[in-house]
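# Descriptive structure summary
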Amino acid sequence: MITMEDIIREGNPTLREVAKEVAVPLSDEDIKLGEEMMEFLHNSQDPIKAEELGLRGGVGLAAPQLDISKRIIAVHVPSGDLENPEPTLSAVMYNPKILSHSVQDACLAEGEGCLSVDREVPGYVVRHNKITLSYVDADGVKQKIRLKNYEAIVVQHEIDHLNGVMFYDHINSENPYALKDGVLVIE
Ligand code: FHF
Ligand code: ZN
């Protein structure tokens, strides 16, 4: 089981590496890793388990955060709607790739945090508002999906980890809350 002790923190050079693609068909080892990453997200979003295990709630996790430099991410975005409790996005993605993106940019009003960063970094993290993405799923099947708004932001945060990029690299260092015209601010 993955816990916070398995997650490396900023300063560890692995977080600045470009991770390696995984071989397809997927190995049993890579499938197992993806399952454990998704289990971590589930546990971290379960108030009881998160408390017991001392986990920070997370919607995404990338293999490099476990000191494993492979192009594997897990995302689990809860709906936040009691009427419709299905997660809006839940997947392990192998070799995810952004094929195209909107001209419009977007950022989260609250800024971002990271399981590998034990401090608050204020500011808008400007990303693409919409992305078209390909990836290999847990069954080894190639998928192509379009994402927008919050789900697109989460996946871009995770893919950044595969490329050695941290969220604060996208914050304007002169004025962390400066925004160009037309950037969508997601509440
Ligand atoms: C998180 N937590 O998941 C943040 C951090 C925008 O690479 O967003 O570092 F638990 C992955 C509902 C809404 C339930 C939000 C991408 C952020 C990715 C993890 N928590 C949440 C939730 C959250 C990072 N990460 C603050 C830990
Ligand atoms: Zn992160």
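By the naming in an unreviewed UniProt entry, the chain goes by Peptide deformylase and is assigned to Enterococcus ureasiticus. Heading Catalytic activity (unreviewed entry) of the UniProt record for the chain holds this comment: "N-terminal N-formyl-L-methionyl-[peptide] + H2O = N-terminal L-methionyl-[peptide] + formate".

### Some remarks on the sheet that holds strand E2 (residues 72–77)
The strand order across the open sheet built from five strands is E1-E2-E3-E6-E7, with neighbouring strands paired in antiparallel fashion. The outermost strands of the open sheet, each flanked by one partner alone, are strand E1 (60–62) and strand E7 (142–148). Looking at each pair of strands side by side, their axes are set apart by 40° on average, direction ignored. Relative to strand E6 (residues 130–136), strand E3 (residues 89–101) is paired through five bridges, and the arrangement is antiparallel. When the bridges of E6 are listed, Ile 98 appears paired with Leu 133. Relative to E2, helix H1 (residues 28–45) is tilted by about 30°, and along the sheet it contacts E1, E2 and E3. Most of the contacts of helix H3 (residues 149–162) go to E2, to which it runs at about 155°, and overall it touches E1, E2, E3, E6 and E7.

### Observations regarding the pattern of salt bridges
Per the counting criterion, the structure on display carries seven salt bridges. Residue Asp 118 is joined to Arg 9 by a salt bridge in which the shortest nitrogen-to-oxygen separation is 2.8 Å. With Asp 118 in the loop between strand E4 (105–108) and strand E5 (127–128) and Arg 9 in the segment before H1, this residue pair connects regions lying 109 residues apart in the sequence. Close ionic contact of Glu 10 with Arg 119 constitutes a salt bridge, the shortest N to O distance being 2.6 Å. Here Arg 119 lies in the loop between E4 and E5 and Glu 10 lies in the segment before H1, a separation of 109 residues in the sequence.

### Details of the pairing of E3
In this structure, E2 lies alongside E3, joined through six bridges in antiparallel fashion. By the bridge assignment, Val 77 is partnered in E3 with Leu 89.

### A few points about the packing of aromatic side chains
Centre-to-centre distance and the angle between the planes together describe a pair of aromatic rings. Taken as a whole and assessed by the stated rule, the structure comprises two aromatic pairs. Pairing Tyr 124 with Tyr 177 gives two aromatic rings, centres 5.0 Å apart and planes at 90°, and the pair type is edge-to-face. In this pair, Tyr 124 sits in the loop between E4 and E5 while Tyr 177 sits in the loop between H3 and strand E8 (184–186), placing the two residues 53 residues apart along the sequence. The residue whose ring lies beneath Arg 119 is Tyr 168, and the NZ or CZ to ring-centre distance is 5.0 Å.

### Some words on the UniProt feature "active site" (unreviewed entry) in the chain
The UniProt record marks Glu 158 with the feature "active site" (unreviewed entry), using the residue numbering of this structure. For Glu 158, the location among the structural elements is in helix H3. Judged by its relative accessible area of 4%, Glu 158 falls in the buried class. A distance of 3.5 Å separates the side chain of Glu 158 from the backbone nitrogen of Leu 61, its partner in a polar contact.

Conventions adopted
- Residues numbered from 1 in each chain as written.
- Chains lettered and ligands numbered in written order.
- Predicted model: local features only at pLDDT ≥ 70, side-chain atom pairs only at ≥ 80, totals over all residues.
- Heavy atoms only, no water.
- UniProt positions renumbered as here; feature names shortened; annotations may be inferred.
- Pairing = 2+ DSSP bridges.
- Helix = DSSP H or I, 4+ residues; strand = E, 2+ residues; numbered from the N terminus.
- Axes fitted to C-alpha atoms, helices over the stretch in contact; angles between N-to-C directions.
- Contact = heavy atoms within 4.5 Å.
- Salt bridge = Lys/Arg side-chain N within 4 Å of Asp/Glu carboxyl O.
- Phe/Tyr/Trp six-rings, centres within 6.5 Å; stacked < 30°, edge-to-face > 60°.
- Lys NZ or Arg CZ within 6 Å of the ring centre and 35° of its normal.
- Buried < 20%, exposed > 50% of the residue type's maximum accessible area, 1.4 Å probe, protein only.
- Polar contact = N/O pair within 3.5 Å; in protein donor to acceptor, adjacent residues only side chain to side chain.

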